[in-house]
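# Commentary on secondary and tertiary structure
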Amino acid sequence: IEKCLDKKEQVILFQNRRGFAPVTECQACSWVPQCLQCDVSLIYHKHSGKLNCHYCGYSVSPPSKCGACGTTDLRHKNFGTERIEEELQLTFPDARIARMDLDTTRSKNSYAQLISDFESGKIDVLVGTQMVTKGLDFDRVSLVGVLQADQLLSFPDFRSFERGFQLLTQVSGRAGRKDILGKVIIQTRRPEHPVFQFVLESNYGEFFTHQLNERKEFHYPPFYRLIEFQFVDKNLDVVNNGATVFTQQLRERFGDSVLGPEFPPVARIRNNYHKKTLLKTERNSSHREIRKFLHGILENFRSIEAFRRLRVLINVDPY
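Described below are features of the structure shown in this document. No experiment lies behind these values; they were computed from the predicted model shown. (Residues numbered from 1 in each chain as written. Predicted model: local features only at pLDDT ≥ 70, side-chain atom pairs only at ≥ 80, totals over all residues. Heavy atoms only, no water.)

### Some remarks on the packing of aromatic side chains
Note the cut-off: Only Phe, Tyr and Trp rings take part, Trp by its six-membered ring, and two of them pair if their centres are within 6.5 Å. Stacked means planes under 30 degrees apart, edge-to-face means over 60, and tilted covers everything else. Whether a charge sits over a ring depends on NZ of Lys or CZ of Arg being within 6 Å of the ring centre and within 35 degrees of the ring normal.
Within this structure, the stated rule accounts for 12 aromatic pairs. Counting every residue linked through ring pairs, the aromatic cluster contains Phe 165, Phe 198, Tyr 204, Phe 207 and Phe 208. Sitting over the ring of Phe 263, Lys 275 keeps its end group 4.5 Å from the ring centre. The lysine or arginine in question, Lys 280, covers the ring of Tyr 220, its NZ or CZ lying 3.8 Å from the ring centre.

Put into structure tokens, the structure is as follows:
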């Protein structure tokens, strides 16, 4: 970054996590403030001085002491775009640094103004989330840095490698767009990961083949279709029992092609519990027959008094 700034060139830093610190933790007992309505930790935003939930919008002032053991040694762990911006300002006090994420682009025209300022050279270093990865074409960007790239590949979704490859390729393309030779630095604890190797080699063809082979072996799209059943209710017992009963009926017909029921990574959102079951069907199977069968078990399921208020959301090829 220092070398780029000395040459009057620009830098883009990508971190797919906004806020100042994703976790606030007690150093004595590891207690972490949680959202009251969702099963997630609260994220500290220094600008507002609040702990926020990015799922439901719940907000609260940071506690002065641990909610479990009462000690006052609470520390902010890890970093988001807001913390990166602050650290950069301390390290490069003469540099003009800006941040592009949901927090800085809420007001009207703020996004367009940031783009205009960066394009005209009023900003030296731009820190941002996915907003900085797509469709931006700047002449003087010579360095792109991707922070904590591993988190792009660790999401429990069979398409996480595909999305990670897309994001890394897109953000890498922001450097060296015109006459300046660009450099891309990816921060990872797993440099041997095949996705990073494909990105380094700009080898879309082999990445495509690699992913197709995996999806064919484990019965995922495009070779199979996915039908996701999501069970939602404020009562955890109703969700558990309903998901079990419904999934058992599916399994009697489809056997091992049924996965679940399982809780997603965030099981409770806005005080509603979520549980999911996944059905894999072959591409050449009769969709009409499957639809007719599902319609029948849905009718039977909804006729059970205990599950009448339970919401069953069905999504075909949900990802």
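### Thoughts on the pairing of strand β1 (residues 10-14)
Note the following rule: Residue exposure (1.4 Å probe, protein chains only): buried if accessible area is under 20% of the type maximum, exposed if over 50%, otherwise partly exposed. By the criteria applied, helices consist of DSSP H or I runs no shorter than four residues and strands consist of E runs no shorter than two, each listed in order from the N terminus. When DSSP locates at least two bridges between a pair of strands, those strands are taken to pair.
In terms of burial, β1 is a largely internal element, 5 of the 5 residues being buried. As paired strands, β1 and strand β9 (residues 141-146) are joined by 5 bridges and run parallel to one another. In the strand pairing of β9, Val 11 is matched with Leu 143. Pairing of β1 with strand β8 (residues 125-128), which is carried by 4 bridges, proceeds in the parallel orientation. What sits directly across from Leu 13, in β8, is Val 127.

### Overview of the packing of helix α4 (residues 160-172) against helix α6 (residues 204-217)
Using the following cut-off: Every angle, taken between N-to-C directions, lies between 0 and 180 degrees, and every axis is a line fitted to C-alpha atoms, over only the stretch in contact when it is a helix. Here the angle decides the label: under 35 degrees means roughly parallel, over 145 means roughly antiparallel, 65 to 115 means roughly perpendicular, and every other value means oblique. Two helices crossing with the near one rotated counterclockwise from the far one by less than a right angle form a left-handed crossing, whereas a clockwise rotation gives a right-handed crossing. Two residues qualify as a contact provided that any one of their heavy atoms is within 4.5 Å of a heavy atom in the partner residue. Put simply, Ala, Val, Leu, Ile, Met, Phe, Trp, Tyr, Cys and Pro go in the nonpolar bin, Asp, Glu, Lys and Arg in the charged bin, and everything else, Gly too, in the polar bin.
For the pair α4 and α6, the least separation of the axes is 11 Å and the interaxial angle reads 170°. With respect to α6, the axis of α4 lies roughly antiparallel. Relative to α6, the crossing made by α4 is left-handed. Taking contact as the criterion, the partners of Phe 161, Glu 162 and Phe 165 in α4 are, on α6, Tyr 204, Phe 207, Gln 211 and Arg 215. Looking at the contact of α4 with α6, its residues break down into 4 nonpolar, 1 polar and 2 charged.

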